[in-house]
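Structural characterization, general
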Amino acid sequence: MQDIAFHETKMHGQIEFPYTVYKGDIPGFICSFPLHWHDEMELIFVKDGNGIVTVQATRFPVERGDIVIVPMQTVHAIERNDNCAMKYYNILFSLTVLDSADDICRKKYFKPLYHGEIEPMIYVPRGCELNKLLLPHMTTLIENRHNEHGNELLIKSALFAALHHIIAFSMPKSTANAVDASNYDKLKKLLLYVRQHYGERITVKTAADICAYSCSHFMKIFKSMTGQSFTEYIIDYRLNVAANALSLSSDRIIDIAFDCGFENLSYFSRAFFGKFGVTPSTYRKNAKTIE
């Protein structure tokens, strides 16, 4: 069964130049990217269509021209908006690509980002001032995404310029959000557990124990941090894993359903149709057609 990563540990770019650009297409490439995080900063640019980008607990309906800024190690997700499609670019980079050990940029600008002392503006809609400032640099990064012509200096210059504007529009982190950061650290432990055990029965009590909360407090905190109840989340995650398996394997539908933690095939089929608007067999057929 294919895994869906929560903490992405793959190398984005190269060790000596940790920067890369991915071209995304939902649902053409994948039905959705569930809640996950990585150590790199991410800039998402919507090329066409519309969808939903969730950062921490906030869901942002996005459309053509919008930009979303995802700070390092921040839990986020990308998904369809109803039956709409979305094409987008993910620009991922580590600040080490721009960082020098003791220069003024590290002390004055990068350190607050590393330590979460400032909060970038997350949703940057088309037409707003920051979007207009970022757009030329985003275009440069996307146009040079293959990094085939020794253009590291050009990429660095665009990243520096983009960060200049991002930091200029950032705000000091509030005390309330510092408490949220502690809650998200506990959430990440739970997400890792779900990744490893999604095919098994996972109760609210099990999830609450992992986060060191009472069941009632856990349910309240989880809903506030993700916008979903834990039950809704685990079903949604299992359906995403099942959809990937339908696309990439020839396993029987009943086996996929059971491997993903669904004990009843009829319930799996209804839930799958409710999320994707088609039956599992039709979804598989459509996926093979796209290939």
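Residues numbered from 1 in each chain as written. Predicted model: local features only at pLDDT ≥ 70, side-chain atom pairs only at ≥ 80, totals over all residues. Heavy atoms only, no water.

1. Re the overall build of the chain
Scanning the chain for helices and strands turns up ten helices and eleven strands. The burial tally for the chain puts 45% of its 291 residues in the buried class. Pairs at least 24 apart in sequence give 72% of the contacts found in the chain among residues at least 6 apart. (Helix = DSSP H or I, 4+ residues; strand = E, 2+ residues; numbered from the N terminus. Buried < 20%, exposed > 50% of the residue type's maximum accessible area, 1.4 Å probe, protein only. Contact = heavy atoms within 4.5 Å.)

2. Considering helix H1 (residues 104-114)
Within H1 the residues assigned to the buried category are Phe 110, Pro 112 and Leu 113. The arc that holds the buried residues of H1, viewed along the axis, is 155°, so those residues lie on one side. Projecting away from the buried face of H1 at angles above 90 degrees are the exposed residues Lys 107 and Lys 108. Looking at the packing, one finds that the buried side of H1 touches strand S9 (118-119) and helix H3 (152-168). Looking one or two residues past H1, Gly 116 carries a phi angle of roughly 65°, positive in sign. (Arc of directions from axis to C-beta.)

3. Looking at the confidence of the model for the chain
Of all residues in the chain, 89% have pLDDT values of 70 or greater, and the mean over the chain is 87. Put simply, strand S1 (residues 7-8) is where the chain has its lowest mean pLDDT, 54, and strand S6 (residues 67-70) is where it has its highest, 97. (pLDDT = per-residue confidence, 0-100.)

4. Some thoughts on unusual backbone geometry
A cis geometry characterises the amide bond from Ile 26 onward to Pro 27, with omega recorded as 5°. By secondary structure assignment, the location of Pro 27 is in the loop between strand S2 (19-26) and strand S3 (32-38). The backbone of Gln 73 sits at a positive phi, close to 55°, despite the residue not being glycine. As for its position among the elements, Gln 73 is in the loop between S6 and strand S7 (76-80). Among the residues examined, Gln 73 registers a relative accessible area of 44% and is labelled partly exposed. Positive phi outside glycine occurs at Ala 212, with the angle close to 60°. With respect to the helices, strands and loops of the structure, Ala 212 is situated in the loop between helix H5 (204-211) and helix H6 (215-226).

5. Considerations on the nonpolar core
If you look at the biggest cluster of nonpolar residues, it comprises 39 residues, and the most contacted ones within it are Leu 190, Val 194, Phe 218, Phe 230 and Phe 272. For this core, the element with the most residues is helix H7 (residues 230-248), which contributes ten residues. Counting 31 residues, the second largest nonpolar core, distinct from the first, contains Tyr 19, Val 21, Val 97 and Leu 159. (Core = buried A, V, L, I, M, F, W, Y, C linked by side-chain atoms within 4.5 Å.)

6. Describing the environment of Ala 271
Within the secondary structure layout, Ala 271 lies in helix H9 (residues 265-276). Ala 271 sits 32 residues away from Leu 239 along the chain, and the two C-alpha atoms are 7.9 Å apart.

7. A word on the pairing of S6
Side chains Ile 67 and Ile 69 project from S6 onto one buried face, and the interleaved Val 68 and Val 70 project onto a second face that is buried too. Direction of pairing for strand S4 (residues 41-55) relative to S6: antiparallel, over a ladder of four bridges. Residue pairing across strands places Glu 42 opposite Val 70, the latter belonging to S6. In the sheet, S6 pairs with strand S10 (residues 123-124) via two bridges, with the strands oriented antiparallel. Paired with Val 68 across the bridge in S10 is Tyr 123. (Pairing = 2+ DSSP bridges.)

8. What about the environment of Ile 26?
With respect to the helices and strands, Ile 26 occurs in strand S2. Once the C-alpha coordinates of Ile 26 and Glu 79 are considered, the two residues, 53 residues apart in sequence, prove to be 7.2 Å apart. Setting aside anything within four residues of it in sequence, one finds Ile 26 in contact with Cys 31, Ser 32, Ile 78, Glu 79, Arg 80, Cys 84, Ala 85, Met 86 and Tyr 88.

9. Topic: the pattern of salt bridges
Here the structure, examined in full by the defined rule, presents five salt bridges. We note a salt bridge from Asp 25 to Lys 87, for which the minimum N-O separation is 3.0 Å. Placement of Asp 25 in strand S2 and of Lys 87 in strand S8 (residues 86-93) is noted, with a sequence separation of 62 residues between them. For Asp 25, a relative accessible area of 14% puts it in the buried group. When its relative accessible area of 36% is taken as the criterion, Lys 87 is described as partly exposed. Between Asp 209 and Lys 205 there is a salt bridge whose closest N-O contact spans 3.0 Å. A residue pair is termed a helical-turn pair when its members lie 3 or 4 positions apart in one helix, as Asp 209 and Lys 205 do in helix H5 at four residues. (Salt bridge = Lys/Arg side-chain N within 4 Å of Asp/Glu carboxyl O.)

10. Observations regarding the environment of Ala 243
Topologically, Ala 243 is positioned in helix H7. Measuring from C-alpha to C-alpha, the distance between Ala 243 and Phe 276 comes to 9.0 Å, with 33 residues separating the pair along the chain. Leaving out residues up to four positions away in the same chain, Ala 243 has contacts with Cys 31, Phe 272, Phe 276 and Tyr 283.

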